[in-house]
Amino acid sequence: MKELFLRIVKKLKNYQWKSMNYRLLILVLGLTILGINIIGSADGSGTMKKQMLGMSLGLFATIVFIIFDYKFVLKFYWLIYAFMLVLLILVRVMGTEGYGATRWIVITDGVTIQPSEFAKLFIILFFAKFIMKHKEKLNTLKIILACVFLLAIPLGLIFIQPDLSTSILIALLFCSIMFIGGINYKVVFSVIGIGMVAAVVVLYLVLQPEQKILRGYQLKRIIAFYDKDSEYSDDLLMQQENSVMAIGSGGLWGKGLYNDDPNSIKNGNYLPADHTDFIYAIVGEDLGFVGCLIVVVLLFLIVVECFITGLRAPDLSGKIICCGFGSLIAFQAFINLSVVTMLIPNTGLTLPFVSYGLSSLISLYAGVGFILNISLQKVKN
């Protein structure tokens, strides 16, 4: 134990502390604190305190992964992959149901974890090491098929929960990781071509009367969004329509945090999931256009800082972790904001660092810890 402690101290001394990406840490903390206040305004002090606990646990995870060299952690990449599968299988065995899906594992009364949130980070870590280990053969059919197979197992377990939105997000994340890893452009264009054909086939199958690909509520959401005169539209589009109304009603400066305006969409309880998936609507109503712009700018700057750190990473695995994590935040934020502003059908993804959710917040902060550790080891000019 003493020897391990001395090794950690020696490693800490070798870190380039001046080069740590403090900007990223400040941006993340600022956005999370803003999110905590928005959550309090939307759902009360009880939920706000839980999110504060999530932030505290997240900061602890950040500190842990700042201390431990990411190269050391990646030595256990197969254990990371196995642990991810165990968590996802436990969801099937002992998961609890909510909102028509089984995605959570109960730890104690009132405390649950959502393994699919941690799976996003685990996938980035696993493929960062796997791709670097096989980078010379990445464009061979054998390695490409191996990557697809290794992704398909956790992706399938998440899809059958069911969690279509997270499945789509992870598929996009995987494409980003492969691109960052150095996959050949010919392969990229081939995959795009195959993907377009596959999308047409899947769309055709989904539209069949007895299709088994999508659950009933998933198909109804899509039909309601694209056919406003359908029998499902009034019920299923109400949440998104009220979201757009809430954002618009905030004007330039908003109605203020914790406002008691009787005409508020929030105070009238017209917006279910206002502290989770639709938190951005509360930002618009309470803080107006200025608040919405601040959130978008902070998210954009966080993504930029992730990519900047990735470009300075000492090896390919570090680059994949940073750019992969930045891609995750970008994709997830884009999808969430598109749903809230009614640009795409309702999917059920949270807004990173802003929406309520302990599993999401802790996993995101753990990812930030890895990026900060990588920034400590950037290549010297």
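Before reading further, recall that the structure is shown in the block above.
Because the structure is predicted, anything quoted here is derived from the model rather than measured.

(A) How the structure looks around the overall build of the protein chain. Of the regular secondary structure elements, the protein chain holds 15 helices and 3 strands. Looking at the protein chain as a whole, 49% of its 381 residues qualify as buried. Sequence separation of 24 or more characterises 73% of the internal contacts of the protein chain that already satisfy a separation of 6 or more. Working note: accessible area of the protein chain is about 19100 Å², and carbon and sulfur atoms make up 68% of it.

(B) Here's a closer look at the sheet that holds strand β1 (residues 96-98). The 3 strands lie next to each other as β1-β2-β3, forming an open sheet whose pairing is antiparallel. With one partner strand each, in any of the chains shown, β1 and β3 (111-113) form the two edges of the open sheet. Between one strand axis and the next, the sheet turns through 50 degrees on average, direction left out of account. Relative to β3, strand β2 (residues 101-108) runs antiparallel, the two being bridged by 3 bridges. Looking at β3, one finds that I105 is bridged to I113. Strands β1, β2 and β3 of the sheet are contacted by helix α5 (residues 77-94), whose axis makes an angle of about 95 degrees with β2.

(C) Looking closely at the packing of aromatic side chains. With the rule as written, the count across this model stands at 14 aromatic pairs. Ring centres 5.5 Å apart and planes at 40 degrees place the aromatic pair Y77 and W78 in the tilted group. On the basis of relative accessibility, which here comes to 42%, the residue W78 falls in the partly exposed class. Relative to F130, the ring of F126 has its centre 5.7 Å away and its plane inclined at 20 degrees; by these criteria the two rings are stacked. Placement of both F126 and F130 in helix α6 (residues 115-133) is noted, with a separation of 4 residues, approximately one turn of the helix. Considered together, F126 and F130 belong to a single accessibility category, that of buried residues. Taken together, Y77, W78, Y81, F126, F127, F130 and F174 form an aromatic cluster joined through their ring pairs.

(D) Region of the structure containing the environment of G40. Tracing the chain through its elements places G40 in helix α2 (residues 22-43). As a C-alpha pair, G40 and Q51 span 11 residues in sequence and 9.2 Å in three-dimensional space. Non-local contacts of G40, meaning those with residues more than four positions away in its chain, are made with M48 and Y258.

(E) Region of the structure containing a nonpolar patch on the surface. On the surface, L252, W253, F289, L293, V297, F300 and L301 cluster together into a nonpolar patch covering about 750 Å² of accessible area. Residue position: L301 is located in helix α13 (residues 279-311).

(F) Here's a closer look at the pairing of β2. Looking at chain direction, β1 and β2 are connected through 3 bridges and run antiparallel. Looking at the pairing, G98 lines up with A101 of β2. Connecting the antiparallel pair β2 and β3 is a turn made up of 2 residues, with G110 showing a positive phi of about 85 degrees.

Rules used throughout
- Residues numbered from 1 in each chain as written.
- Predicted model: local features only at pLDDT ≥ 70, side-chain atom pairs only at ≥ 80, totals over all residues.
- Heavy atoms only, no water.
- Helix = DSSP H or I, 4+ residues; strand = E, 2+ residues; numbered from the N terminus.
- Buried < 20%, exposed > 50% of the residue type's maximum accessible area, 1.4 Å probe, protein only.
- Contact = heavy atoms within 4.5 Å.
- Areas by Shrake-Rupley, 256 points an atom, 1.4 Å probe, with all protein chains shown as cover.
- Pairing = 2+ DSSP bridges.
- Axes fitted to C-alpha atoms, helices over the stretch in contact; angles between N-to-C directions.
- Phe/Tyr/Trp six-rings, centres within 6.5 Å; stacked < 30°, edge-to-face > 60°.
- Patch = residues over 30% accessible without salt bridge, like charges linked within 9 Å, V, L, I, M, F, W, Y side chains within 5 Å.
- Salt bridge = Lys/Arg side-chain N within 4 Å of Asp/Glu carboxyl O.

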